[in-house]
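Here's the letter readout for the chains.
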Amino acid sequence: MKQDLEKIKDKIEKLRGEIEYHNRRYYIDAMPEISDYEYDLLMKDLIELEEKYPSLKTPDSPTQRVGGAPLDEFKTVIHKKQMLSLDNTYSPDELIEFDNRIKKITEKVTYVAELKIDGVAVALHYENFILKTGATRGDGIKGDDITQNIKTIRTVPLKIKTNEKKFSDIEVRGEVYLSKKQLDIINQERESKGEPLFANTRNAAAGSLRLLDPKEVSKRKLNVFVYSFEDAVKYGIKTQFEALKILEKLGFAVNPNVKLCEKIEEVIEFCNEWEKKRNDLPYSIDGMVIKVNEFEKQEILGVTSKSPRWAISYKFKAEQAKTKLNNILVQVGRQGTLTPVAELEPVKLAGTIVKRATLHNQEEIERKDIRIGDWVIIEKAGEIIPEVIRSLKEERTGNEKIFKMPDKCPVCGSDVTKDEGGVIIRCDNLQCRAQLEGRILHFAERDAMNIEGLGKALVHQLVEKRMVDDYGDIYFLDIFKLASLERMGQKSSENLLNQIKESKKRDLDNLIYALGIRNVGKHTAEILVDNFSSLYDLMKAKKEDLLKIKEIGDIVANSIIDFFKRKDTEKVIEKLKKAGVNFNKSKSKIIKNILGGKVFIFTGELKNYSRQEAANIVKSSGGRVVSAISKNIDFVVVGENPGSKYEKAKKLNLKIIDEQEFLNLIKKS
Ligand SMILES: [Zn+2]
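Residues numbered from 1 in each chain as written. Predicted model: local features only at pLDDT ≥ 70, side-chain atom pairs only at ≥ 80, totals over all residues. Heavy atoms only, no water.

1. Some words on the coordination of the zinc ion
- At the metal site, the zinc ion is ligated by Cys409 (SG), Cys412 (SG), Cys427 (SG) and Cys432 (SG), and these contacts range over 2.2 to 2.4 Å.
- The site at the zinc ion holds four donor atoms, and with the angles between them running 101 to 117 degrees, its shape is tetrahedral.
- Each donor residue of the zinc ion lies on the same chain, and together they follow the pattern C-x2-C-x14-C-x4-C. Placement of the pair is Cys412 in the loop between strand E18 (401-402) and strand E19 (417-418) and Cys432 in the loop between strand E20 (425-426) and helix H12 (436-444), with a sequence separation of 20 residues. (Donors = N, O, S within 2.8 Å, 3.2 Å for Na, K, Ca; no water. Tetrahedral: all angles 85-135°; square planar, octahedral: opposite > 155°, others 65-115°. Helix = DSSP H or I, 4+ residues; strand = E, 2+ residues; numbered from the N terminus.)

Shown next as structure tokens:
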């Protein structure tokens, strides 16, 4: 038996070794040897064995990278040593000044020049060789505890690769980043879902690290380069260059493009070299970082309140190109926003051929005085979408044309509206085909009408085949229409029709939210239902009626009034009515209004209830639960180990109660 366990242990270790090897091939060498599918199979085998023999589980097993339930919020971490930011320089002259400043204080320094990876700074803390915490930089003093997310990054060692006791407890710092290729993949997916695209790899990395579900983070395939060994002197390390070598030996991913320079001229040369070569890298860099190599000298130079005197960053110039602007097109996004896009004479910029560039909005076009037919300068500053910077007025022939944003939607022809600021122009038409898929998916959302079977692929087909003109039409689909669609059989069509039928009974707040009125989210829908008992009441409401309601301001009131005034709304409401969709507030909501619309937020763990149970109690008593802190909250319920919401609540002077007080409140009411 014991021998068996030994054999299994061997097998587990072999699997782990194999998985780590493939992680390195994929993430560090960028030369994968096996497919994602084969990789998943190895992982699956390991998970199964570890589940069967829990005694053989270890904290450094690759399976630890995929576990973990979604978080409700991040806890706050206080950095042991402040995470400083660097001062920027933009020219070789400024680098020479930096060198002069240093020479005034100390002699005989050498420099280490490193690539400045365009990502997100993180601190990794190891205890007893095991990764204990991963944190964001935050404001430099306090950051978010993102340990679960950090673990999903396969180049972050879960265990330090050494037995040397002195390295058992260390802190290192580095940059989490995304490869350019991975950004493309993520953006393609976001585009197909109608979500806004990430402008660059840094935004994408930051957005990914902020996700609360580690399983989602894992899919983003983040990567890391470690560049700093905190308190390295304590471990007998004398220079930054040496620290990088040791970090590599300890199993960290260290960027290989580093140079030890005797003189600042060498540094400048290295910077220029990389400014030219930067597009050849599979990841984005936006400059270089130059550090005094000797830790002893760093100590002498010290820090200012915000940044060290011994390091500086050198920012590359954004890459520009000159080309001709042939035309300006107007695109309608899935959220209805109209954006002017420049059609350019194709030109090479930052390693790619650019044919289009964003012009943002009418105001920008006017401010920069950009006309159709102009010669323009375009720029790409780490951004994936190039931008038109300026027009070359001296090259005008007189044939250039002034552009004006249309007042009708180019897709559906209906009148467009301007937002409060007058900058963003939108098409709000419920029947606009550019936005129809998004509107129907929203209508079917769980918090809206909750029609689970109405997924992305199906809605796409319904819109494509013109089976629906708006979300009202889904109530008039029949089995023949549905069964004619791809991947829809008799049975699944019947199921979907049942779900659609069932959705007619949803509560009034679900319906109001589902309508997709601008600025009316689920929370506002709930507030409205506290004040109106049917959809007709809401439709009849005047602006002053709406403004009387706490939490409803000018913007929301206008959105509601405008929405119900429109012809396309009238059409949809008529269809919903004909289909028999419930327009009335349910009786249970009228009776159980004990907490009278009071707003709650929870932070920390409760002893007696799960978060979901507590939320249900509040809801069933007529209260509401929100997840983001704001001054409109009536009660902040604080359990064990509260997160950042607690701090924010104190700052806002909100009413804070503990679990017992919460229970009393529920009983009393
Ligand atoms: Zn439209």
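Picking up after the structure, the text goes on.
2. Let's talk about the packing of aromatic side chains
- Scanning the entire structure with this criterion turns up 16 aromatic pairs.
- Ring geometry for Phe225 versus Tyr283: centroids 5.3 Å apart, planes at 65 degrees, classification edge-to-face. Of this pair, Phe225 sits in strand E8 (residues 223-229) while Tyr283 is found in the loop between helix H9 (264-277) and strand E10 (285-292), placing the two residues 58 residues apart along the sequence. The same class applies to Phe225 and to Tyr283, which are both buried.
- Taking 5.2 Å as the distance between ring centres and 85 degrees as the angle between the ring planes, the aromatic pair formed by Phe563 and Phe564 counts as edge-to-face.
- Through pairs of rings, three or more aromatic residues link up here, namely Phe600, Phe602, Phe635 and Phe662.
- Across from the ring centre of Phe241, 4.7 Å away, lies the NZ or CZ of Lys245, which sits over that ring. (Phe/Tyr/Trp six-rings, centres within 6.5 Å; stacked < 30°, edge-to-face > 60°. Buried < 20%, exposed > 50% of the residue type's maximum accessible area, 1.4 Å probe, protein only. Lys NZ or Arg CZ within 6 Å of the ring centre and 35° of its normal.)

3. A few points about the pattern of salt bridges
- Taken as a whole and judged by the stated rule, the model has 39 salt bridges.
- The residue Glu395 makes a salt bridge to Lys322 at a minimum N-O spacing of 3.0 Å. Within this pair, whereas Glu395 is found in the loop between strand E17 (387-391) and E18, its partner Lys322 is found in strand E12 (residues 319-332), the two being separated by 73 residues in sequence.
- Judged by relative accessible area, which is 33%, Glu395 ranks as partly exposed.
- We note a salt bridge from Lys505 to Glu502, for which the minimum N-O separation is 3.2 Å.
- Within this structure, Lys81, Glu171, Arg173, Glu230 and Asp231 form a network of salt bridges that share partners. (Salt bridge = Lys/Arg side-chain N within 4 Å of Asp/Glu carboxyl O.)

4. Focus: the domain arrangement of the protein chain
- Examined at the domain level, the protein chain breaks down into domain 1 (2-65), domain 2 (77-315), domain 3 (319-402), domain 4 (429-590) and domain 5 (592-668).
- Each side of the interface is counted separately: domain 3 has five residues, and domain 4 has four residues.
- Buried surface at the junction of domain 3 and domain 4, summed over both partners, amounts to about 380 Å²; 46% is from carbon and sulfur atoms.
- When the buried surface of domain 3 facing domain 4 is broken down by residue, Val332, Arg334 and Gln335 rank first, second and third, together holding 85% of it.
- Put simply, domain 3 and domain 4 have zero salt bridges between them.
- Along the contact surface separating domain 3 from domain 4 lie zero residue pairs in polar contact (both at pLDDT 80 or more).
- Looking at the side of domain 3 that touches domain 4, its residues break down into one nonpolar, three polar and one charged. (Domains from an automatic or database assignment. Contact = heavy atoms within 4.5 Å. Buried area = accessible area lost by both parts, 1.4 Å probe. Polar contact = N/O pair within 3.5 Å; in protein donor to acceptor, adjacent residues only side chain to side chain. Nonpolar A, V, L, I, M, F, W, Y, C, P; charged D, E, K, R; others polar.)

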